[in-house]
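Coordinates in review
So you can see what is in the structure, the chains are spelled out below.
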Amino acid sequence: MFLLPGILLIFLFFLAPVVITAVMGFTNMDYRFQWNFVGFGNFFRMSDDFLVPKILVNTLVYTFGTLAIFNVTFGLILALLTTSISERVGLFFRALWLLPRFTPPVVYAAIWLWILSPTRNGLLNGLRVAMGLNPIAWISEYPWGVIIVTNGIIGASMGMLIFASAIKAIPRDYLWAARVDGASWFQEVRHIVLPLIRWPLMFITAYQTLSLLTSYEYILLITQGGPFHASEVWSLYAYNKAFSAYAGTYEFGYAAALATVLVLIGTVASIAYWKMFRFREMMAPPRIEVS
Amino acid sequence: MASIKLEQLTKRFGKVVAVNNLNLEVKDGEFIALLGPSGCGKTTTLLMIAGIYRPTQGKIYFDDVLVNDVAPKDRYVGLVFQSYALYPHMKVYDNIAFPLKLAKVPRKEIDRKVYEVAKLTKIEELLDRMPGQLSGGQQQRVALCRALVKEPEILLLDEPLSNLDARLRIETRAEIKRLQRELGITTILVTHDQVEALTMSERVAVMHAGVLQQYGPPDELYDRPRNLFVASFIGDPPMNLIPVELERTDGRLRLVADSFVLPLAEEWENMLGQIPEASFTLGVRPEDVRISTEEKANALLGEVFLTEPLGGGTLVHFMFGEISFRVLASREIKMDVGDKFWLVPDQSKLHIFTKDGLSVREVGRRDAQ
């Protein structure tokens with residue numbers, strides 16, 4: 001009974017959009033917003049779409065590349081470093097790293113566009129020119145490096161925050177005991193810290209996988225998925241189909257079908273993580289009984 | 001094994017002085033206790049010896065070698081934490097083996113040493129369990145094993161018994177003492193429990209507010225407390241401490257507070273005669289008072305206010321006006337509330353402290369130097 005308002009909210013804001021998207025996926029809706037059902041037409045079209053395999057591979061590379069290099073590994077390194085130095089300095093660095101989270105994505109993207117600008121006025125190329133080298137068209141030469149770095153630097157802050165608080169929650173007696181037992185800093189991290197923050201590590205891996213699967217805003221703003229779909233990921237492809245398709249055709253139906261597939265991929269990934277990391281073991285039965 | 005010397009050791013945390021100018025020597029193979037109320041700096045001292053805290057000032061020597069800049073892992077120190085700090089993700093065996101694994105001891109050797117130390121503390125059958133499955137007493141033994149397995153030169157124990165129940169505490173007390181004697185390892189015990197300190201160690205260092213108050217064998221602390229703090233901290237039931245005025249009537253010295261009037265024996269004449277003050281604090285241990293039904297010399301007449309049977313004896317409260325005076329009486333004496341008795345304190349065991357809290361005996365000694 002008490003849960004009813006919550007259930008309603010969940011239905012309205014979480015479940016309904018998924019259902020609507022899925023249903024829309026079976027129409028050929030365009031800018032006229034007509035519900036013309038075409039059966040599995042969109043899905044057949046997807047299987048014939050010559051771009052889809054490329055975009056699928058792109059999505060996997062982007063998601064797991066960013067995850068492995070930045071969101072987990074780099075986040076962990078930041079957390080370990082900022083908790084190993086003095087509290088005040090560590091806090092300062094963590095706050096610094098969070099700043100891009102507060103700034104609008106467009107500003108963040110604009111800064112990267114300036115850093116990576118192919119002209120001599122970009123930050124990197126300015127440095128190259130100063131060293132007597134020729135400017136490089138960073139974005140079109142290395143689209144993969146660019147989207148992984150730009151997403152990862154901002155994405156690492158989430159892992160950094162969670163890991164840092166998990167590390168700080170480890171009773172210091174464990175760390176002191178390890179030190180007296182003869183552990184160096186690396187051994188302390190490997191034998192004590194990492195095993196004790198196992199759950200946050202798994203949680204961030206699972207959570208960031210899902211959020212990377214659906215995120216495309218920095219790619220859109222920085223490379224537009226280019227050059228020639230080289231850095232286009234699934235969610236961006238769906239967005240392009242829906243909103244910026246050629247000559248303003250707005251293929252909502254096809255885009256919704258693409259989005260539905262992404263939801264399925266996300267669901268499969270969640271279930272896989274759930275099983276793999278045994279999240280069920282983490283959950284304690286509620287202490288209060290609600291009837 | 002090693003001896004320890006602390007020289008003018010000071011630790012500050014911001015503006016707080018946790019340990020202030022501490023000088024302390026521990027002989028090779030000795031068992032000493034750091035005793036004091038919480039926040040007195042005893043654990044901070046221990047962590048400085050272990051190398052976890054860096055002293056703000058002063059020096060730490062092991063066997064006359066300065067170790068201020070030696071990392072914890074190179075100090076050959078075993079430390080048992082109050083929380084035991086057993087690594088929750090490792091089995092008991094791996095917990096104990098951890099220091100050896102880090103030292104790259106061959107696997108067979110590790111095996112042998114772990115079983116040896118487990119046998120010593122009788123926990124062989126627990127080696128396969130996780131720490132979370134053990135009782136407090138078992139965890140304590142595992143922590144001790146982990147500290148001992150690397151055969152340290154110095155064993156540091158931070159409140160090792162405070163998480164055990166009363167009965168287990170008494171057993172473990174004896175157990176640790178036995179182990180220490182068998183291994184002959186230099187040991188420092190940190191505790192707030194005077195009984196633990198007095199029963200286990202050869203010498204006790206009483207600390208208060210970061211300052212060492214007195215350092216000596218248990219008997220000495222008990223019989224000759226240097227100052228008011230040690231007098232009040234050591235002893236159970238605690239010493240009676242009464243603010244008194246020194247008066248001279250008919251050529252005899254008396255200590256007076258309200259209706260409490262205690263004539264002093266002549267032996268005190270010399271010691272008190274040198275001190276110009278008239279206000280003192282009198283300390284009398286409840287067990288240093290004889291109870292008599294007849295009038296005696298240097299005695300006071302008191303009325304029973306309250307009795308507390310302690311099993312072995314009875315703690316009797318006498319009231320002198322506002323002043324409560326506790327006496328430990330043997331069970332044979334039958335007494336009821338309102339009964340009157342003559343109380344005869346043992347004059348040689350009185351403790352008299354100046355306004356600064358220093359024992360009058362110390363003042364005499366200091367002047368003699």
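Rules and cut-offs
Residues numbered from 1 in each chain as written. Chains lettered and ligands numbered in written order. Predicted model: local features only at pLDDT ≥ 70, side-chain atom pairs only at ≥ 80, totals over all residues. Heavy atoms only, no water. Pairing = 2+ DSSP bridges. Helix = DSSP H or I, 4+ residues; strand = E, 2+ residues; numbered from the N terminus. Axes fitted to C-alpha atoms, helices over the stretch in contact; angles between N-to-C directions. Phe/Tyr/Trp six-rings, centres within 6.5 Å; stacked < 30°, edge-to-face > 60°. Buried < 20%, exposed > 50% of the residue type's maximum accessible area, 1.4 Å probe, protein only. Patch = residues over 30% accessible without salt bridge, like charges linked within 9 Å, V, L, I, M, F, W, Y side chains within 5 Å. Areas by Shrake-Rupley, 256 points an atom, 1.4 Å probe, with all protein chains shown as cover. Salt bridge = Lys/Arg side-chain N within 4 Å of Asp/Glu carboxyl O. Lys, Arg positive; Asp, Glu negative; His and termini not counted. Charge placed at Lys NZ, Arg CZ, Asp CG, Glu CD. Contact = heavy atoms within 4.5 Å. Buried area = accessible area lost by both parts, 1.4 Å probe. Nonpolar A, V, L, I, M, F, W, Y, C, P; charged D, E, K, R; others polar. Core = buried A, V, L, I, M, F, W, Y, C linked by side-chain atoms within 4.5 Å. Domains from an automatic or database assignment.

Here we come to the sheet that holds strand β16 (residues 300-309) of chain B. All names here are of chain B. What the five strands build is an open sheet, ordered β15-β19-β16-β17-β18; its pairing is antiparallel. Strand pairing shows two members of the sheet lacking a second neighbour, β15 (289-292) and β18 (323-330), which therefore form its edges. Strand-to-strand twist in this sheet, taken as the mean axis angle between neighbours without regard to direction, amounts to 45°. In this sheet, strand β17 (residues 313-320) lies alongside β16 in antiparallel orientation, the contact comprising six bridges. Across the sheet, residue Thr307 finds its bridge partner in β17, namely Val316.

The next thing to look at is the packing of aromatic side chains. How two aromatic rings sit relative to each other is given by the distance of their centres and the angle of their planes. Residues and elements named next belong to chain B. Taken as a whole, this structure holds 17 aromatic pairs over all chains when the rule is applied. Ring plane angle 50° and centroid distance 5.4 Å describe the contact between Phe260 and Phe325, whose orientation is recorded as tilted. Of the two residues, Phe260 sits in strand β13 (residues 260-263) while Phe325 sits in strand β18, which places them 65 residues apart along the sequence. The class of Phe260 is buried, set by a relative accessible area of 1%.

What follows deals with a negative patch on the surface. All names here are of chain B. Negative charge collects at one region of the surface, where Glu25, Asp28, Asp63, Asp64 and Glu153 lie side by side. Positionally, Asp63 belongs in the loop between β4 (57-62) and β5 (65-66). Judged by relative accessible area, which is 36%, Asp63 ranks as partly exposed.

Listed as interface residues are 16 residues of chain A and, on the opposing side, 22 residues of chain B. At the boundary of chain A with chain B, total buried surface from both sides reaches about 1,700 Å², with 69% on carbon and sulfur atoms. When the buried surface of chain A facing chain B is broken down by residue, A:Trp176, A:Val180 and A:Asp181 rank first, second and third, together holding 39% of it. Where chain A meets chain B, there are two salt bridges. Every element with two or more residues in the side of chain A that touches chain B is listed here: α9 (172-181) and α10 (185-196) of chain A. Each residue belonging to the side of chain A that touches chain B can be placed in one class, and the counts come to nine nonpolar, three polar and four charged.

Attention shifts here to the nonpolar core. Residues and elements named next belong to chain B. Counting 71 residues, the largest nonpolar core has Leu79, Leu156 and Ile188 as its most contacted members. With sequence-adjacent residues up to four places away left out, Ile188 is seen in contact with Ile4, Val26, Ile32, Leu34, Leu46, Ile49, Leu155, Leu156 and Leu157. Grouped together as the second largest cluster of nonpolar side chains are 43 residues, Ile96, Leu134, Leu157 and Ile185 included.

By a widespread convention, an interface's size corresponds to the accessible area lost as its parts come together. All names here are of chain B. Looking at chain B, the domain boundaries give domain 1 (4-232) and domain 2 (239-368). For domain 1 and domain 2, the distance between their C-alpha centroids amounts to 39 Å. Every contact between the two is made by 10 residues of domain 1 and, on the other side, 14 residues of domain 2. Of the roughly 1,000 Å² buried between domain 1 and domain 2, counting both surfaces, carbon and sulfur atoms make up 52%. Contact with domain 2 buries surface across domain 1, with Tyr222, Arg226 and Leu228 losing the most and accounting together for 53% of the total. Viewed at the interface, domain 2 and domain 1 are joined by zero salt bridges. Taken together, the elements giving at least two residues each to the side of domain 1 that touches domain 2 come down to α7 (218-223) and α8 (228-233). Class assignment for the residues of the side of domain 1 that touches domain 2 results in five nonpolar, two polar and three charged.

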